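Commentary on secondary and tertiary structure
Each chain, written out:
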Amino acid sequence: MTPPTGLRGWLERLGLGRPPARRALILAGGGVIGGMYEVGALAALEETVPGFRANDFDLYVGSSAGSVVGALMANGVPPGDLYAILDEERDDPLSFHRGAVYHRGTFSGATRNLAQFVWAIGKRAMTDFHLEWPDLLARSGGDMPPGFFSLAPLEA
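In this text, all values refer to a predicted model and were calculated from it rather than measured experimentally.

With respect to the element layout, Asn55 can be found in the loop between α2 (31–48) and β2 (59–62). Among the polar contacts made by the side chain of Asn55, one reaches the main-chain carbonyl oxygen of Met73 at a distance of 2.8 Å. When near neighbours in sequence (up to four residues on either side) are disregarded, Asn55 contacts Glu46, Tyr60, Leu72, Met73, Gly76, Val77, Pro78 and Pro79.

As structure tokens, this is what we get:
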């Protein structure tokens, strides 16, 4: 490959030819566990890779839990500190501890809602057996658990 000539070659020799490289940190989702894995991986990279800092990227992109971790990295929260908060369940301004996402009654409530859902579908399936799944779901709406077709109970 031959080096560029003319004005472009002259600018590149002076170091003015190209804008500085930009780096992006892209993080995936995965719920609470996925976010914890991402924080642990970033903390490990900072400890082992010379010159790596998770807070020095130009752009942060994330999906679901990755967006939360990316926002914290973009705002200067070191992954080592965040890891310590998650690992040791320290008090922190974000309430990032195990009970912050799901309270103790969540599993029993989900089990009750599943049983109510199965009952509603089963009741309609016995009386209107020829209906397809979308019809069964639509006709069972009154018997479904709160919030199945609407987020209104969750927004309160």
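Attention shifts here to the nonpolar core. Counting 13 residues, the largest nonpolar core has Leu25, Leu42, Val69, Met73 and Leu82 as its most contacted members. Secondary structure elements with two or more residues in this core: β1 (24–27), α2, α3 (65–74) and α4 (79–88). It is α3 that provides the largest number of residues to this core, a total of 3 residues. Contact partners of Leu42, with chain neighbours within four places excluded, come to Leu25, Leu27, Phe52, Ala54, Val69, Met73 and Pro79.

This part is about unusual backbone geometry. A positive phi angle is found at Ser64, which is not glycine, with a value near 55°. Inspection of the secondary structure puts Ser64 in the loop between β2 and α3.

Glancing now at the side chain of Glu38. Mapped onto the secondary structure, Glu38 falls in helix α2. Residues within four places of Glu38 in sequence aside, it is in contact with Leu27, Ala28, Gly29, Ala65, Gly66 and Val69.

With respect to the helices and strands, Asn75 occurs in the loop between α3 and α4. For Asn75, a relative accessible area of 65% gives the class exposed. Expressed as a C-alpha distance, the spacing of Asn75 and Asn55, which sit 20 residues apart in the sequence, is 7.7 Å. Here Ala71 takes part through its backbone oxygen, which lies 2.8 Å from a polar atom of the side chain of Asn75.

A word on the pairing of β1. Going residue by residue along β1, you find Leu25 and Leu27 tucked away on one face and Ala24 and Ile26 left uncovered on the opposite face. As paired elements, β1 and β2 share 4 bridges and run parallel to each other. Note that in β2 the partner of Ile26 across the bridge is Val61. For the handedness criterion, the β-α-β arrangement of β1, α2 and β2 is classed as right-handed.

Viewed as axis vectors pointing N to C, α2 and α3 meet at an angle of 40°, and their least axial separation amounts to 8 Å. Crossing of α2 over α3 shows right-handed handedness. Residues Gly31, Gly35, Glu38, Val39 and Leu42 of α2 form the contact with α3, whose participating residues are Ala65, Gly66, Val69 and Met73. Partitioned by chemical class, the residues of the contact of α2 with α3 number 5 nonpolar, 3 polar and 1 charged.

The rules behind the values
Residues numbered from 1 in each chain as written. Predicted model: local features only at pLDDT ≥ 70, side-chain atom pairs only at ≥ 80, totals over all residues. Heavy atoms only, no water. Helix = DSSP H or I, 4+ residues; strand = E, 2+ residues; numbered from the N terminus. Polar contact = N/O pair within 3.5 Å; in protein donor to acceptor, adjacent residues only side chain to side chain. Contact = heavy atoms within 4.5 Å. Core = buried A, V, L, I, M, F, W, Y, C linked by side-chain atoms within 4.5 Å. Buried < 20%, exposed > 50% of the residue type's maximum accessible area, 1.4 Å probe, protein only. Pairing = 2+ DSSP bridges. Right-handed = clockwise from strand over helix to strand, strands pointing away. Axes fitted to C-alpha atoms, helices over the stretch in contact; angles between N-to-C directions. Left-handed = near helix turned anticlockwise from the far one by under 90°. Nonpolar A, V, L, I, M, F, W, Y, C, P; charged D, E, K, R; others polar.

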